[in-house]
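Residue-level structural notes
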Amino acid sequence: MALQIDKEAFFRRMKRLYSFWKSNETLSRCDAIVVGVGVDEDVVYSKSTALQTWLFGYELTDTVMVFCENKILFLASKKKVDFLKEVNTGKENDHGIPSIKLLMRDKTDKDEANFQTIIQELQDSSSGKRVGEFSKDTYSNEFIKLWRSVYTKAGFHRVDVTAPMAYLMAPKEEPEVNIVKRASQVTCDIFQKYLKQQIMDVIDADKKVKHSRLSDGCEDAIQNKKYVSGIDPSLVDMCYPAIIQSGKNHSLKFSTVSDKNTLSFSSIVCMVGARYKSYCSNIVRTLLVDPSQAMQSNYELLVKAEEIMIDKLRDGTRLSDVYNSAVEVVKSEKENLVEKLTKNAGFAMGIEFREATILISAKNNLEAKKGMVFNINIGFSDLPNNDSKDAEGKALALFVGDTVLVNEDAPATVLTSLKKRIKHIRIFLKVMSIAQ
């Protein structure tokens, strides 16, 4: 089946882009915006491909997109130009956006003429001096190298617009929310039906299984109808390799990799994220094996802090206030644990897993907007556990997190609604039971 652009969504979102361009402090100082996407199999997430997916529903490799004051240009191969002709109707102004011009790749001169056309359009856009770009997005293939060379020689003042463009795309429309909900269900299924059960089996049989093996199993499970059903497996994958940690060696960061140490029967931190149709979701759960009363109390406080943040996270609320609401409840009940808290308590997510400029942290005064999707996640690191007879259990971590949707005048909606109360996550070896 031939790929098709959702034209209504394209024009609606392009209009949002141009409207936001005028009102945003950083973008309004730009005379044009340029986005070049090359080919790099190692790049999983980038703002460039996220913008393409947001506008077109697909990634378009070896394509240059140019947004000028009075014109939009796309330079791409013949096949992609044919695809883009759906929105090149000649009636773009009727949708409140500039006219679109399509440029077809020309390998005979290595696109030199096309590049010069783009440079001229950039120079003719407004004052023709300041060009917005995604500074951290780099591709090393020949086409993009050639373009970057011409673009650099033109001598424009280059402005990084990563942060404002992330904020533009963060509020989700209803179709996007529905996709995130499906992704969240896949995440819950992988954790509940596969990973949690695998861990229970390991504990029950007193096996020695490596964290990395459990992580690898999640990669297989997401393609297995036993665990994920009613969804096209070609449209789902993991946001990152599942992270499983236990015992004293832990890092509550999503850049962590599951190591080859064997599972410790103490605190078991699980981070699982699945994406569907390019939209991400994530869940964090901690399983506690033979927890002391003190550790159970710490865990209950952590869940309380997360729930307070979920209630606080509403349209118009500063993200720093959301974070501080968690700090305040911990401070009021167990002040000594404040220093053990994670330094941020989540991030906006969508086509990209983690929006680094939209963090829930003490220093981020951006406001949450209705329709934004966040992964709220909060944890305690290096908690002393003197009751443990095992060296691995002497210092533990607790971590909990959910994918949530920001509402206007109500608490955020939890999309990964798996149970997380202490009675649902504690395991006692003597009776080997856990609430289901």
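Residues numbered from 1 in each chain as written. Predicted model: local features only at pLDDT ≥ 70, side-chain atom pairs only at ≥ 80, totals over all residues. Heavy atoms only, no water.

**Looking at the overall build of the chain**
Scanning the chain from N- to C-terminus turns up eleven helices and 18 strands. Compactness check: the chain gives a C-alpha radius of gyration of 24 Å against a globular reference of 22 Å for 436 residues, within 12% of the reference. With respect to the principal axes defined by its C-alpha atoms, the chain has extents near 75 × 45 × 35 Å. For the chain, restricting intrachain contacts to residue pairs at least 6 apart in sequence, the fraction spanning at least 24 positions comes to 73%. Total accessible area on the chain is roughly 19800 Å²; 46% of this is exposed by carbon and sulfur atoms. (Helix = DSSP H or I, 4+ residues; strand = E, 2+ residues; numbered from the N terminus. Rg over C-alpha atoms; globule rule 2.2 N^0.38 Å. Contact = heavy atoms within 4.5 Å. Areas by Shrake-Rupley, 256 points an atom, 1.4 Å probe, with all protein chains shown as cover.)

**Quick look at unusual backbone geometry**
If you check the backbone angles, Asp-111 has positive phi at about 65° while not being a glycine. Turning to its location among the elements, Asp-111 is positioned in the loop between strand E4 (99-104) and helix H4 (112-124). Look at Asp-382: it is not a glycine, yet its phi comes out positive at around 55°. Residue placement: Asp-382 occurs in strand E15 (residues 373-384).

**Digging into the packing of aromatic side chains**
Taken as a whole and assessed by the stated rule, the structure comprises 16 aromatic pairs. With a centroid separation of 5.8 Å and an interplanar angle of 80°, the aromatic rings of Tyr-58 and Phe-83 are classed as edge-to-face. Of this pair, Tyr-58 sits in the loop between helix H2 (47-56) and strand E2 (63-67) while Phe-83 sits in helix H3 (residues 78-84); the two residues are 25 residues apart in sequence, bridging distant segments of the chain. Of the residues examined, Tyr-58 reaches a relative accessible area of 29% and is grouped as partly exposed. A residue is classified by how much of its surface remains accessible, and Phe-83, at 11% relative accessible area, is buried. Counting every residue linked through ring pairs, the aromatic cluster contains Phe-115, Phe-143, Trp-147, Tyr-151 and Phe-156. (Phe/Tyr/Trp six-rings, centres within 6.5 Å; stacked < 30°, edge-to-face > 60°. Buried < 20%, exposed > 50% of the residue type's maximum accessible area, 1.4 Å probe, protein only.)

**A look at the pattern of salt bridges**
Applying the stated criterion across every chain yields a total of 25 salt bridges. Between Asp-402 and Arg-285 there is a salt bridge, with its nearest N and O atoms 2.9 Å apart. Note that Asp-402 is positioned in strand E16 (residues 395-405) and Arg-285 in strand E12 (residues 283-289), a separation of 117 residues in sequence. A network of salt bridges, in which partner residues are shared, links Arg-12, Arg-13, Arg-16, Glu-173 and Glu-176. (Salt bridge = Lys/Arg side-chain N within 4 Å of Asp/Glu carboxyl O.)

**Notes on the sheet that holds strand E7 (residues 236-238)**
Read from one edge of the open sheet, three strands run E7-E10-E11, paired in antiparallel fashion. Single-partner strands in this sheet number two, and they are E7 and strand E11 (279-280). As defined by bridge partners, strand E10 (residues 274-276) adjoins E11 across two bridges and the pair is classed as antiparallel. Paired with Tyr-276 across the bridge in E11 is Tyr-279. (Pairing = 2+ DSSP bridges.)

**Side note on the nonpolar core**
With 155 residues, the main nonpolar core has Phe-10, Leu-51 and Phe-67 as its most contacted residues. At 14 residues, helix H7 (residues 174-205) tops the list of elements feeding residues into this core. Leu-51 has contacts with Leu-17, Val-35, Met-65, Phe-67, Phe-134, Met-165 and Met-169, leaving out every residue within four places of it along the chain. (Core = buried A, V, L, I, M, F, W, Y, C linked by side-chain atoms within 4.5 Å.)

**Some thoughts on the pairing of strand E9 (residues 267-272)**
Taking burial as the measure, the six residues of E9 include six buried ones, the bulk of the element. Residues of E9 alternate between two faces, with Ser-267, Val-269 and Met-271 on one and Ile-268, Cys-270 and Val-272 on the opposite face, all of them buried. Relative to E9, strand E8 (residues 243-246) runs antiparallel, the two sharing four bridges. Each residue of the ladder has a partner; that of Gln-245, found in E9, is Val-269. Here E9 pairs with E12 via six bridges, running antiparallel. Bridging from a neighbouring strand, Val-269 pairs with Thr-286 of E12.

**So, the packing of helix H1 (residues 7-23) against helix H6 (residues 162-169)**
Working note: a packed helix pair is described by the angle between its axes plus the distance between those axes. For the pair H1 and H6, interaxial distance at closest approach is 11 Å and the crossing angle is 130°. Considered as vectors, H1 and H6 are oriented oblique to each other. Read as a crossing pair, H1 and H6 show a hand that is right-handed. Seen from H1, the contacting residues are Arg-16, Leu-17 and Phe-20; seen from H6, they are Pro-164, Met-165, Tyr-167, Leu-168 and Met-169. Looking at the contact of H1 with H6 residue by residue, the classes come out as seven nonpolar, no polar and one charged. (Axes fitted to C-alpha atoms, helices over the stretch in contact; angles between N-to-C directions. Parallel < 35°, antiparallel > 145°, perpendicular 65-115°, else oblique. Left-handed = near helix turned anticlockwise from the far one by under 90°. Nonpolar A, V, L, I, M, F, W, Y, C, P; charged D, E, K, R; others polar.)

**A look at H2**
With respect to burial, H2 is a largely interior element, ten of its ten residues being buried. Those residues of H2 that sit buried are Lys-47, Ser-48, Thr-49, Ala-50, Leu-51, Gln-52, Thr-53, Trp-54, Leu-55 and Phe-56. A positive backbone phi angle near 90° is found at Gly-57, which sits one or two residues after H2.

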